[in-house]
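Breakdown of the fold
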Amino acid sequence: MTTVGIIGAGNIGSAVAKAVIGAGYDVVIANSRGPETLAELVAELGPKARAATAEEAGAAGDIVVVTVPLHAISKIPVEPLAGKIVLDTNNYYYERDGRIPALDAGETTTSQMLQEHLPESTVVKAFNHIAAAEILTDTAPAGTPGRRALAVSSDSPEAVELVTRLYDELGFDAVDVSPLSESWRVERDRPAYVVRQDAEELRANLATANRLP
């Protein structure tokens, strides 16, 4: 894996781009307004990054990060992501996304919704419960006591293994909360959401989460 496609150039997408470039990857990044609007960000990211359309970013990535508002997932291109592992950073904010009864009732998860939209891709929940800036600042070498841990969730052991390796490269431990149907445990308003925790603390917070917060 050498290239990460990123669809969504907001705070999380930009932070992930900086982090993976720092780890040696190339980045192809897209937003909803067109590649020409990303000139300043690409200049900041440096020569290992280029701007593209969402279709181009999806096609170019060995893996693809989807980091767009939940209400926009229906606009994610399907065909370019077929056969690929897709990292989903999304969270449900009804104030922004509108009410989604299946989520309000605990009948599905945000990542399962993306998986339904991308039936030929392998969706894995990642980077959804950490503030964007902390992706770059709250890191530590493997084995450091108290190293921050992030959750990963997927129906695919291969996808979990890939994100676990990526987390480690970027400076985080990983805690598996698979399958994808269990990814609600790290969604908004649960104990593990956007708090600093090591692996032991994260496991405890995941275990105490309620399906309906």
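One can find the structure itself at the top, above this paragraph.
Just so we're clear, the structure is a prediction, and the values are computed from it rather than from any experiment.

Okay, the sheet that holds strand 6 (residues 122-125) next. Spatial strand order, 3-2-1-4-5-6-7-8: eight strands in an open sheet with mixed pairing. Only two strands of the sheet have a single partner each, and these edge strands are strand 3 (49-51) and strand 8 (173-176). The average angle at which neighbouring strand axes cross in this sheet is 25 degrees, direction not considered. Strand direction decides the pairing type here: strand 2 (residues 26-30) and strand 3, joined by three bridges, are parallel. Residue pairing for strand 3: I29 is matched across the bridge by A51. Strand contacts of helix 6 (residues 110-117): strand 4 (63-66), strand 5 (85-88) and strand 6, with the helix running at about 165 degrees to strand 6, the strand carrying the most contacts. Packed onto the sheet, helix 8 (residues 157-170) meets strand 4, strand 5, strand 6, strand 7 (149-154) and strand 8 and runs at close to 160 degrees relative to strand 7.

Following the criterion strictly, the structure yields 15 salt bridges and no others. Of the charged contacts, one joins R165 and E161 as a salt bridge, the two residues approaching to 3.4 Å between their closest N and O atoms. With R165 and E161 both in helix 8, this residue pair falls four residues apart, about one helical turn. Of the residues examined, R165 reaches a relative accessible area of 46% and is grouped as partly exposed. Its relative accessible area of 46% is what places E161 among the partly exposed residues. Taking the shortest distance from any N to any O, the salt bridge between R185 and E182 comes out at 2.6 Å.

Inspection of the secondary structure assignment puts G98 in the loop between helix 4 (94-97) and helix 5 (101-104). According to the relative accessible area criterion, G98 is partly exposed, its value standing at 27%. With near-sequence residues (within four places) excluded, G98 lies in contact with Y92 and Y93.

With that out of the way, let us pick up the pairing of strand 2. Counting buried positions along strand 2 gives four out of five residues, so the element sits mostly inside the fold. Of the pairings in the sheet, the one linking strand 1 (residues 3-7) to strand 2 comprises five bridges and is parallel in character. Directly across from V4, in strand 2, lies its bridge partner V27. With helix 2 (residues 39-45) bridging strand 2 and its parallel neighbour strand 3, the resulting β-α-β unit is right-handed.

Turning next to the packing of aromatic side chains. Counted under the stated rule, the structure contains two aromatic pairs. The interplanar angle of 65 degrees and the centroid separation of 6.5 Å between the aromatic rings of Y92 and Y94 together place this pair among those described as edge-to-face. Taking relative accessible area as the criterion, Y94 reaches 35% and is therefore assigned partly exposed. Here R99 stacks its cationic end above the ring of Y94, 3.6 Å away from the centre of that ring.

Before going further, it helps to examine the environment of L170. For L170, the location among the structural elements is in helix 8. Residue classification places L170 among the buried positions, given a relative accessible area of 10%. Through-space distance from the C-alpha of L170 to that of A140 is 8.3 Å; in sequence the pair is 30 residues apart. Beyond its immediate stretch of four places on either side in the chain, L170 contacts A19, V20, A23, F127 and T139.

Cut-offs applied
- Residues numbered from 1 in each chain as written.
- Predicted model: local features only at pLDDT ≥ 70, side-chain atom pairs only at ≥ 80, totals over all residues.
- Heavy atoms only, no water.
- Pairing = 2+ DSSP bridges.
- Helix = DSSP H or I, 4+ residues; strand = E, 2+ residues; numbered from the N terminus.
- Axes fitted to C-alpha atoms, helices over the stretch in contact; angles between N-to-C directions.
- Contact = heavy atoms within 4.5 Å.
- Salt bridge = Lys/Arg side-chain N within 4 Å of Asp/Glu carboxyl O.
- Buried < 20%, exposed > 50% of the residue type's maximum accessible area, 1.4 Å probe, protein only.
- Right-handed = clockwise from strand over helix to strand, strands pointing away.
- Phe/Tyr/Trp six-rings, centres within 6.5 Å; stacked < 30°, edge-to-face > 60°.
- Lys NZ or Arg CZ within 6 Å of the ring centre and 35° of its normal.

Structural measurements only, silent on function.
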